[in-house]
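# Summary of the model geometry
So you can see what is in the structure, the chains are spelled out below.
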Amino acid sequence: MDMVFRALADPTRRRLLDSLREETGQTLGRLCGSLAMTRQSVTQHLAVLEEANLISTVRRGREKLHYLNPVPIHELQMRWLAPFEEPRLRILYDVRRHAEEHRVKPDFVYVTYVHATPSGCGRR
């Protein structure tokens, strides 16, 4: 799991994973197109991702296709996130996502106040 955390710590490697999430089975040339770096640098990042089992590769003739492998990320989720009660985390994520959306004109405007103390939250 340490290798997965190390691989995910780098923003370039996260961008590569995002690119493979959007379109899996990309060649090195295609992956390089979205980054302002040399093929050698991208190859080194891909090697770290492959070592962490976050990507897998398949040869097709002279091409090498890169595929996202979500299994290690799922294992992280099951170990580190699932125990923290997924429904509560989902609600917080949805609130944050909606609050951060940039809209020119809001669909609606609601105001609410929650009267509680930190020690009293969630306890009955």
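Located above this text is the structure these notes cover.
What comes next concerns the included structure. (Residues numbered from 1 in each chain as written. Predicted model: local features only at pLDDT ≥ 70, side-chain atom pairs only at ≥ 80, totals over all residues. Heavy atoms only, no water.)

### What about the overall build of the protein?
- In terms of regular secondary structure, the protein is built from six helices and two strands.
- In terms of overall dimensions, the protein is more spread out than a globule: its C-alpha atoms have a radius of gyration of 20 Å, far above the 14 Å expected for 124 residues.
- For the protein, the spread of C-alpha atoms along the three principal axes comes to 65 × 40 × 20 Å.
- Summed over its atoms, the accessible surface of the protein is roughly 10,100 Å², and 56% of this surface lies on carbon and sulfur atoms.
- The average position of the 20 basic charges and that of the 15 acidic charges among the side chains of the protein differ by 1 Å. (Helix = DSSP H or I, 4+ residues; strand = E, 2+ residues; numbered from the N terminus. Rg over C-alpha atoms; globule rule 2.2 N^0.38 Å. Areas by Shrake-Rupley, 256 points an atom, 1.4 Å probe, with all protein chains shown as cover. Lys, Arg positive; Asp, Glu negative; His and termini not counted. Charge placed at Lys NZ, Arg CZ, Asp CG, Glu CD.)

### As for a nonpolar patch on the surface
- Together, M1, F5, W80, L81, F84, L89 and L92 make up a nonpolar patch on the protein surface, roughly 690 Å² of accessible area in all.
- Where the nonpolar patch is concerned, the elements lending two or more residues are α5 (71-81) and α6 (86-100).
- Here M1 is to be found in the segment before α1 (2-8).
- Residue class for M1 comes out partly exposed when judged on its relative accessible area of 40%. (Patch = residues over 30% accessible without salt bridge, like charges linked within 9 Å, V, L, I, M, F, W, Y side chains within 5 Å. Salt bridge = Lys/Arg side-chain N within 4 Å of Asp/Glu carboxyl O. Buried < 20%, exposed > 50% of the residue type's maximum accessible area, 1.4 Å probe, protein only.)

### Remarks on the nonpolar core
- Core analysis: the biggest nonpolar cluster contains 17 residues, and A7, L16, V42, L46, L49, L54 and I55 have the highest contact counts within it.
- Contributing elements (two or more residues each) for this core: α1, α2 (11-22), α3 (28-33) and α4 (39-51).
- The biggest single contributor to this core is α4, with four residues.
- Discounting residues that sit within four places of it in the chain, L54 has contacts with V4, A7, L8, L17, L49, Y67, L68, N69, P72 and I73. (Core = buried A, V, L, I, M, F, W, Y, C linked by side-chain atoms within 4.5 Å. Contact = heavy atoms within 4.5 Å.)

### Here's the deal with the environment of R21
- Among the structural elements, R21 can be located in helix α2.
- Between the C-alpha atoms of R21 and P70, which are 49 residues apart in sequence, the distance is 9.1 Å.

### A short note on the environment of V114
- The residue V114 is located in the segment after α6 in this model.
- The exposure class of V114 is exposed, given its relative accessible area of 73%.
- Between the alpha carbons of V114 and N69 there is a distance of 42 Å; along the sequence they are 45 residues apart.

### Considering the packing of α2 against α4
- One way to put it is that α2 packs onto α4 with a least axis distance of 10 Å and a crossing angle of 80°. Taken together, α2 and α4 sit at an angle that is classed as roughly perpendicular. Judged by residue contacts, T12, R13, L16 and L17 of α2 engage V42, H45, L46, V48 and L49 from α4.
- By residue class, the composition of the contact of α2 with α4 is six nonpolar, two polar and one charged. (Axes fitted to C-alpha atoms, helices over the stretch in contact; angles between N-to-C directions. Parallel < 35°, antiparallel > 145°, perpendicular 65-115°, else oblique. Nonpolar A, V, L, I, M, F, W, Y, C, P; charged D, E, K, R; others polar.)

### Some words on the pattern of salt bridges
- Applying the stated criterion across every chain, the model contains five salt bridges.
- E63 is the salt-bridge partner of R60, the closest N and O atoms lying 2.5 Å from each other.
- On the basis of relative accessible area, E63 is assigned to the partly exposed category, the value being 34%.
- Here E100 and R96 are joined by a salt bridge, their closest N and O atoms 3.1 Å apart.

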